[in-house]
Amino acid sequence: MDCTSFIEVFSNNSGVVYQCDNELCFYVEFEGRRAKYSVRNLKQLKVKLNNFKIEEIFAVDSLNPSGTEIVTISTTNYCYILNPLQIIRFRELLAQTFFNLHVNQVLRDKLHYAVFA
Amino acid sequence: MKDLLRVKSLISTELETLLNSQIKKEAHSSAQYLAMSSWCDQNGFENSADYFFAQASEEREHQLKLFKYVLDMGGQALSPEVSSLKHEFESFREVFEFALETEIAITQSFKKIASTCHKEQDFVTMEFLNWFLKEQREEEYKARRAVELFDVIGEEGTGRWEIDKAVTKISYTSEQG
């Protein structure tokens, strides 16, 4: 691992997300597992996690009473089998990650691109 | 730290979602106009059937234009599902009133995207949207004029036959004279 290009974007008790500037990708560590994602794949993962309706899992007539969900992203080999609590934690990890990425976007716009203007 | 979101895409996640939503609306409009064309044809209004057939084709072009823009800017364009089409109408007039409602909804949707472009200062997408905003002037004008024909000509006697003929003559030009 090239430490100079590996930057922590966000971390909490559930995991950590790094950005690799050399490879233009992200490394996501969630509950001990590490996976490499492109920008597009990371966005897809976030959308998939957000699309799960947690409240439906706890409904009396739920079609999925165990609450277990399988998450896969096309073009990657990663597969997560998540319970509702893990889905919530994973969502939090990615929500904060994207928040920090947007903060970085604003800072870069003001500090870096402004130099070229 | 590089801005990977920006490196990979010119448009923000929010705008990408809005543009994909617009792609879906254009696809729905295109399919809806085809349904209107079918109804008109089956009820003997062949000029209106042709008019809506042409409208369906235009909406499809709009959909593809938006689709290509999202892809060109590095976003993920989503090919939409189309459902909940209205195939049955109570009257000839209702078809045109529904067409006007559809165009108004499309214009409102574009205004929302334009508003987001201003908020994000995405003038590149704004410039792209200008073509659609101008197009909506024409689309709404034509749809509104078509509905007005029902009052101007009247539906009694051969009125609906006259309206069907007049629909093909509706044209819009933004220039005076």
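In what follows, the structure referred to is the one given above.
What counts and what doesn't
- Residues numbered from 1 in each chain as written.
- Chains lettered and ligands numbered in written order.
- Predicted model: local features only at pLDDT ≥ 70, side-chain atom pairs only at ≥ 80, totals over all residues.
- Heavy atoms only, no water.
- Helix = DSSP H or I, 4+ residues; strand = E, 2+ residues; numbered from the N terminus.
- Buried < 20%, exposed > 50% of the residue type's maximum accessible area, 1.4 Å probe, protein only.
- Contact = heavy atoms within 4.5 Å.
- Areas by Shrake-Rupley, 256 points an atom, 1.4 Å probe, with all protein chains shown as cover.
- Lys, Arg positive; Asp, Glu negative; His and termini not counted.
- Charge placed at Lys NZ, Arg CZ, Asp CG, Glu CD.
- Phe/Tyr/Trp six-rings, centres within 6.5 Å; stacked < 30°, edge-to-face > 60°.
- Lys NZ or Arg CZ within 6 Å of the ring centre and 35° of its normal.
- Core = buried A, V, L, I, M, F, W, Y, C linked by side-chain atoms within 4.5 Å.
- Pairing = 2+ DSSP bridges.
- Axes fitted to C-alpha atoms, helices over the stretch in contact; angles between N-to-C directions.
- Parallel < 35°, antiparallel > 145°, perpendicular 65-115°, else oblique.
- Nonpolar A, V, L, I, M, F, W, Y, C, P; charged D, E, K, R; others polar.

Chemist: Is there a simple way to explain the overall build of chain B in this structure?
Modeler: Looking only at helices and strands, one finds six helices and zero strands in chain B. Taken from N to C terminus, the helices and strands of chain B fall in the order α-α-α-α-α-α. For chain B, the spread of C-alpha atoms along the principal axes amounts to about 75 × 40 × 20 Å. Buried residues in chain B amount to 45% of all 177 residues. For chain B, the share of sequence-separated contacts (at least 6 apart) that also reach a separation of at least 24 residues comes to 78%. Accessible area for chain B stands at about 9,500 Å²; split by element, carbon and sulfur atoms hold 50% of it. Taking the 21 positively charged and 32 negatively charged side chains of chain B as two groups, their mean positions are separated by 6 Å.

Chemist: Help me understand the packing of aromatic side chains in this model?
Modeler: Two measures describe an aromatic ring pair: the distance that separates the ring centres and the angle between the ring planes. Under the criterion given, the structure shown has 21 aromatic pairs over all chains. Summarising the aromatic geometry, the rings of Tyr51(B) and Phe52(B) are spaced 5.2 Å apart at their centres and angled 70° between planes, so their arrangement reads as edge-to-face. The side chain of Lys46(A) reaches across the aromatic face of Phe98(A), ending 5.3 Å from its centre. Above the ring of Phe98(B), the side-chain terminus of Lys86(B) is found at 5.8 Å from the ring centroid.

Chemist: Explain the nonpolar core here, please?
Modeler: Most often, soluble globular proteins keep nonpolar side chains buried together rather than apart. If you look at the biggest cluster of nonpolar residues, it comprises 27 residues, and the most contacted ones within it are Leu45(A) and Phe90(A). If you tally residues by element for this core, the top one is helix H3 (residues 84–116) of chain A, at six residues. Excluding residues within four positions of it along the chain, Phe90(A) makes contact with Val28(A), Phe30(A), Leu45(A), Leu49(A), Tyr80(A) and Leu82(A). Judged by nonpolar contacts, the second largest core, of 24 residues, contains Ala49(B), Phe52(B), Ala146(B) and Ala166(B).

Chemist: Whenever I open this one, the sheet that holds strand S4 (residues 33–37) of chain A confuses me. Can you help?
Modeler: Within a beta sheet, neighbouring strands are joined by backbone hydrogen bonds and run either parallel or antiparallel to one another. All names here are of chain A. A sheet is described by the order of its strands in space; here four strands give the open sequence S1-S2-S3-S4, paired in antiparallel fashion. On the outer flanks of this sheet lie strand S1 (6–11) and S4, each paired with one strand and no other. When the angles between neighbouring strand axes are averaged without regard to direction, this sheet yields 20°. For S1 and strand S2 (residues 15–20), the ladder comprises five bridges, and the chain directions are antiparallel. Note that in S2 the partner of Phe-10 across the bridge is Val-17. Sitting on the sheet, helix H1 (residues 39–51) is in contact with strand S3 (25–30) and S4, with an inclination near 120° to S4.

Chemist: Explain the packing of helix H2 (residues 13–42) of chain B against helix H4 (residues 92–120) of chain B to me, please; I cannot follow it from the model alone.
Modeler: When two helices pack together, you describe them by how their axes are tilted relative to each other and by the distance separating the axes. Residue and element names in this part refer to chain B. Relative to each other, H2 and H4 sit at 170°, their axes nearing to 11 Å. Taken together, H2 and H4 sit at an angle that is classed as roughly antiparallel. Residue composition of the contact of H2 with H4, by class: 15 nonpolar, six polar and seven charged.

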